[in-house]
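# Report on the structure
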Amino acid sequence: MVFINTLDIQYTNGMEKAMHEAHGVGYETYKQKHEMRMKIEKSREEEYLKSQRLISDLERKIHT
């Protein structure tokens, strides 16, 4: 059994450039390869959580 799991994503040249710079792949690869999407989304989540911790630390320092 074969499953085709691609996304229907519309993207601009700027988005394509940013994807290459941040993750080393383009949207066509991102759309077609589930494992690559999961790797990128995990990285994005880790970056988001790191930024939230940084913001929280800065706010705590400001208010003390």
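Here the structure is shown first, and the text comes after it.
Residues numbered from 1 in each chain as written. Predicted model: local features only at pLDDT ≥ 70, side-chain atom pairs only at ≥ 80, totals over all residues. Heavy atoms only, no water.

This next bit is on the nonpolar core. Note on soluble globular proteins: their nonpolar side chains tend to be buried together. Counting residues in each nonpolar core, the largest one holds five residues, listed as Met19, Val25, Tyr27, Tyr30 and Ile40. Once you skip the residues sitting within four places of it in the chain, tyrosine 30 turns out to touch Leu7, Ile9, Met19, Arg37, Ile40, Glu41 and Arg44. (Core = buried A, V, L, I, M, F, W, Y, C linked by side-chain atoms within 4.5 Å. Buried < 20%, exposed > 50% of the residue type's maximum accessible area, 1.4 Å probe, protein only. Contact = heavy atoms within 4.5 Å.)

So, on to the side chain of glutamate 16. Inspection of the secondary structure assignment puts glutamate 16 in helix H1 (residues 13–23). Although glutamate 16 lies buried, it forms no salt bridge, and the closest oppositely charged side chain, lysine 31, sits 8.7 Å away as judged by the N-O distance. A polar side-chain atom of glutamate 16 sits 3.1 Å from the main-chain amide nitrogen of tyrosine 27. Glutamate 16 has contacts with Tyr11, Gly26 and Tyr27, leaving out every residue within four places of it along the chain. (Helix = DSSP H or I, 4+ residues; strand = E, 2+ residues; numbered from the N terminus. Lys, Arg positive; Asp, Glu negative; His and termini not counted. Salt bridge = Lys/Arg side-chain N within 4 Å of Asp/Glu carboxyl O. Polar contact = N/O pair within 3.5 Å; in protein donor to acceptor, adjacent residues only side chain to side chain.)

Tracing the backbone shows serine 51 in helix H3 (residues 34–62). Serine 51 sits in the partly exposed class, given a relative accessible area of 29%. Along the backbone, serine 51 and tyrosine 11 are 40 residues apart, and their C-alpha atoms lie at a distance of 25 Å.

Once their charged atoms are close, side chains differing in charge can pair, the charge on each being opposite to the other. Following the criterion strictly, the structure yields three salt bridges and no others. Taking the shortest distance from any N to any O, the salt bridge between lysine 31 and glutamate 28 comes out at 3.3 Å. Taken together, the residues span about one helical turn, with lysine 31 and glutamate 28 both in helix H2 (residues 27–32) at a distance of three residues. For aspartate 57, the salt bridge goes to arginine 60, with nearest N and O atoms at 2.1 Å. You can see aspartate 57 and its partner arginine 60 sitting in helix H3, three residues apart, about one turn around the helix.

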